[in-house]
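Okay, here's what each chain looks like letter by letter:
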Amino acid sequence: MSDLDLLTQSLARNVKRWRTERGFTLDTFAARAGVSRGMLIQIEQARTNPSLGTVVKIGDALGVSITTLLDYEQGPKVRIVPADQVVRLWHTDAGSYSRLLAGAEAPGPLEMWDWRLMPGEGSSSDPHPTGTVELVHVTVGELTLTVDGADHLVPAGASASFEGDVPHTYANQGDVPMEMVLAVSVPPVH
């Protein structure tokens, strides 16, 4: 079985488990996540590989991290993620990508990401639940961070934090690849 097949089946099993645990019907869950009922059925039956944006919406609606949704191994309290097991969730032909490095439930989802954006590329995010906080640290190049319509330049070596409950975009408007580490903390679902 390929890594993609393992992830698809883990996502199916974990989405259904967490939806059931939260007591959400498919209709309630679809409305809460902003994802169609049909797409949720396909995900729970492991018949599709949803986009990163869809997985983020599902995680936010369930109040669990993407790591939890994709986890196919239940391990000890300390979990080491070997470099060859880091999950790359999207990439472009130009070389941009995001990789989910690690995640935990603490008390809500907490995720750490490794991102690379090639010159001229970017990635937009829908608003996360109220109380979501994001931290970025740029290691190479310069990030153009747009939060709720306002641009902020974050050069290499600098960090930024912001509330992620508004539309936001990560972009590289420079001439060299931009690399950053991103942490996302989402409040727990009550």
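Residues numbered from 1 in each chain as written. Predicted model: local features only at pLDDT ≥ 70, side-chain atom pairs only at ≥ 80, totals over all residues. Heavy atoms only, no water.

Q: It is not clear to me how the packing of aromatic side chains should be interpreted in this structure. Could you clarify?
A: Two numbers describe a pair of aromatic rings. These are the distance of the centres and the angle of the planes. Across all of its chains, the model carries three aromatic pairs by this definition. An angle of 15 degrees between the planes, with centres 6.2 Å apart, marks the rings of F24 and F29 as stacked. A single burial state applies to F24 and to F29, both of which are buried. Between the aromatic rings of W90 and W115, the centroid separation amounts to 5.4 Å while the plane-to-plane angle is 75 degrees, which identifies the pairing as edge-to-face. With W90 in strand β1 (residues 87-91) and W115 in strand β3 (residues 109-117), this pair connects stretches of sequence that are 25 residues apart. Owing to a relative accessible area of 5%, W115 belongs among the buried residues under this scheme. (Phe/Tyr/Trp six-rings, centres within 6.5 Å; stacked < 30°, edge-to-face > 60°. Buried < 20%, exposed > 50% of the residue type's maximum accessible area, 1.4 Å probe, protein only. Helix = DSSP H or I, 4+ residues; strand = E, 2+ residues; numbered from the N terminus.)

Q: Teacher, can you tell me more about the pattern of salt bridges here?
A: Under the criterion given, the structure shown has seven salt bridges. Two residues, D114 and R99, come together in a salt bridge whose shortest N-O distance is 2.4 Å. Residue D114 is located in strand β3, and its partner R99 is located in strand β2 (residues 97-105); the two are separated by 15 residues in the primary sequence. Under the relative-accessibility criterion, D114 is labelled buried at 12%. (Salt bridge = Lys/Arg side-chain N within 4 Å of Asp/Glu carboxyl O.)

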